[in-house]
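# Geometric and topological summary
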Amino acid sequence: MTLQEAQPITALLDPETVQSIADEIWPTLVGDGEAFVPVPVAPPAEVVSAWVTITGPWNGAVVLTCAPATAGALAESVLMTRPPTVVDDEDVADALGELANVLGGNIKSVLPGPSSLGLPQIGSAPATGRLDDVCRVNGQWRGQSLTITVQGATEALHPSGTEVPQ
Amino acid sequence: MRALVIDDSRAMRRIVGSILKDFGFEVREAGDGQQALDALQEGKAEGWVPDLCCIDWNMPVMDGLQFVVAVRANPELRQVTLMMVTTESETGRIVKALAAGAHEYLIKPFTADALRDKLALLGLLPEEVSA
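Scope of this entry: the structure provided in the associated data block. By convention here, each chain's residues receive numbers from 1 onward along its written sequence. Both sets of labels track the order of writing: A upward for chains, 1 upward for ligands. Local features in this predicted model are restricted to residues whose pLDDT is 70 or higher, and side-chain atom pairs enter the listing and the counts only when it is 80 or higher, whereas totals over whole chains, interfaces and linings include all residues. Side-chain descriptors were evaluated using all non-hydrogen atoms of the structure, hydrogens and water having been removed beforehand.

## Thoughts on the overall build of chain A
By the criteria applied, helices consist of DSSP H or I runs no shorter than four residues and strands consist of E runs no shorter than two, each listed in order from the N terminus. A count of helices and strands for chain A gives three helices and seven strands. For chain A, the sequential pattern of α-helices and β-strands runs α-β-β-α-α-β-β-β-β-β. Counting the 166 residues in chain A, one finds 51% classified as buried. Any two residues whose heavy atoms approach within 4.5 Å at even a single point are treated as in contact. Restricting to contacts in chain A with at least 6 residues of sequence separation, those with at least 24 account for 73%. Carbon together with sulfur atoms contributes 54% to the accessible area of chain A, which is approximately 7,300 Å² in total. Burial here depends on accessible area, computed with a 1.4 Å probe over protein chains only, as a share of the maximum for the residue type. Under 20% is buried, over 50% is exposed, and the range in between is partly exposed. Here the accessible surface of atoms and residues is derived via Shrake-Rupley with a 1.4 Å probe, and residues count as covered only by protein chains that are part of the display.

The structure is reproduced here in structure tokens:
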């Protein structure tokens with residue numbers, strides 16, 4: 001199936017489904033009582049993204065975007081670190097990548113299959129293509145902006161990302 | 001009890017390992033299937049054979065399914081219990097992993113209770129934890 005023939009993500013997935021998946025992931029992976037709240041706040045000036053690609057009847061990526069400081073706080077929460085333990089850059093990339101991976105895997109499960117999931121990547125988010133091939137939930141975690149974007153593939157899906165180091 | 005946690009995410013290795021340690025397991029880690037096979041080989045030399053391997057599916061170098069196939073092809077590792085711990089939740093994937101020789105399948109995200117329930121099903125929990 002070519003990109004032109006594939007159904008856009010908006011025909012396959014709605015923001016409520018993305019939210020319900022995040023509702024399941026946040027308390028189990030980020031921590032007890034934690035939630036991704038679908039109420040947008042002002043976007044940060046500087047952002048970092050982690051994403052995984054989905055390849056199958058629908059091709060694209062699931063992208064998690066937030067400020068670097070929010071990524072650091074997410075990593076601390078995922079890793080359950082307490083001061084004076086400090087997470088390093090690799091921990092942050094790894095934790096954000098794993099969040100994107102779990103989001104991506106669960107979103108893949110509600111899309112037409114069979115599909116395969118790529119390994120997590122981190123960097124500047126891939127460019128979005130067709131407007132109708134983007135499903136985005138702008139929200140917040142602990143009052144900080146966080147965006148989950150499910151976006152169709154463009155010709156250059158991985159312009160500036162690097163695979164999350166092990 | 002001994003466990004080998006195989007995941008390319010350090011965060012996930014830490015999370016799974018931490019829960020298993022709470023259940024009394026001695027835990028080692030590997031970042032992909034090939035590293036895990038190497039760890040099994042090294043462990044064998046020192047008499048350390050895991051009772052359980054928790055295995056992610058999508059990993060670089062050697063993925064979880066390839067690892068399951070490799071372990072099942074080795075008669076010396078017949079007693080090792082293999083549990084997939086992965087975001088892959090499609091029925092076809094689960095069937096494929098079980099057909100290849102995995103004993104159990106746990107979908108991410110999961111709670112400590114869900115992992116405990118799987119271990120209880122597999123008979124891998126000490127009585128004081130099962131109670």
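## Things to note about the packing of helix α1 (residues 15-30) of chain A against helix α2 (residues 68-79) of chain A
All names here are of chain A. Between α1 and α2, the least distance of the axes is 8 Å, while the angle of their chain directions is 70°. Accordingly, the angle class assigned to the pair α1 and α2 is roughly perpendicular. For the pair α1 and α2, contact is made by Trp26, Leu29 and Val30 and by Leu74, Ser77 and Val78, respectively. When residues are grouped by polarity, Ala, Val, Leu, Ile, Met, Phe, Trp, Tyr, Cys and Pro land in nonpolar, Asp, Glu, Lys and Arg in charged, and all others, Gly among them, in polar. Classifying every residue of the contact of α1 with α2 gives five nonpolar, one polar and no charged. The axes are straight lines fitted to the C-alpha atoms, using for helices just the contacting stretch, and the angles between their N-to-C directions are given from 0 to 180°. Roughly parallel covers angles under 35 degrees, roughly antiparallel covers those over 145, roughly perpendicular covers 65 to 115, and oblique covers all other angles.

## Brief notes about the nonpolar core
Here, nonpolar core refers to any group of buried Ala, Val, Leu, Ile, Met, Phe, Trp, Tyr and Cys residues whose side-chain atoms link them within 4.5 Å. Residues Trp26 of chain A together with Leu20 and Leu119 of chain B are the most contacted members of the largest nonpolar core, which totals 65 residues. For this core, the element with the highest residue contribution is helix α3 (residues 89-108) of chain A, accounting for nine residues. Apart from the residues lying within four places of it in its own chain, the contact partners of leucine 20 of chain B are Ala3, Val5, Phe25, Val27, Leu52, Cys54, Leu115 and Leu119 of chain B. Counting 23 residues, the second-largest nonpolar core is a separate cluster that includes Ala36, Leu37, Met62 and Phe67 of chain B.

## Thoughts on the pattern of salt bridges
In the sections that follow, a salt bridge refers to a side-chain nitrogen of Lys or Arg positioned within 4 Å of a carboxyl oxygen of Asp or Glu. Using the criterion set out here, one finds 18 salt bridges over all chains in the structure. Of the charged contacts, one joins lysine 108 of chain A and glutamate 88 of chain B as a salt bridge, the two residues approaching to 2.6 Å between their closest N and O atoms. Here glutamate 88 of chain B lies in the loop between β4 (81-86) and α4 (91-100) and lysine 108 of chain A lies in helix α3, a pairing that spans two chains. Residue lysine 108 of chain A is classed as buried on the basis of its relative accessible area of 1%. Lysine 108 of chain B is the partner of aspartate 56 of chain B in a salt bridge, and the nearest nitrogen-oxygen pair spans 3.5 Å.

## Here's the deal with the interface of chain B and chain A
Opposite the 23 residues of chain B that make contact, chain A presents 27 residues. When chain B packs against chain A, close to 2,100 Å² is buried across both sides, 51% of that on carbon and sulfur atoms. Run the count over chain B and chain A and you get seven salt bridges. Pairs of N or O atoms within 3.5 Å make up the polar contacts considered here, provided that, within protein, one atom can donate a hydrogen while the other can accept it, and that residues adjacent in sequence are counted only when both atoms are side-chain atoms. Put simply, chain B and chain A have 10 residue pairs in polar contact (both at pLDDT 80 or more) between them. No other element matches the five residues that helix α1 (residues 10-22) of chain B contributes to the side of chain B that touches chain A. Among the residues forming the side of chain B that touches chain A, the class breakdown is seven nonpolar, seven polar and nine charged. Buried area: the sum, over both parts, of the accessible surface (1.4 Å probe) that disappears when the two are put together.

## Things to note about the sheet that holds strand β5 (residues 104-107) of chain B
All names here are of chain B. Pairs of strands are assigned from DSSP output, requiring at least two bridges between the strands. Strand order in the open sheet made by the five strands is β2-β1-β3-β4-β5, with parallel pairing throughout. Of all the strands in the sheet, the pair left with one neighbour each is β2 (26-30) and β5. Pairs of neighbouring strands in the sheet enclose a mean axial angle of 20°, with direction left out of account. For β4 and β5, the ladder comprises four bridges, and the chain directions are parallel. Residue pairing across strands places threonine 86 opposite isoleucine 107, the latter belonging to β5. Along the sheet, α4 makes contact with β4 and β5, crossing β5 at roughly 145°. Packing against the sheet, helix α5 (residues 112-121) makes contact with β3 (52-55), β4 and β5, and its axis sits at approximately 175° to β5.

## As for the environment of threonine 55 of chain A
Looking at where threonine 55 of chain A falls in the secondary structure, it is placed in strand β1 (residues 48-55). Sequence-distant contacts of threonine 55 of chain A, defined by excluding residues within four places in its chain, comprise Pro114, Ser115 and Ser116 of chain A.

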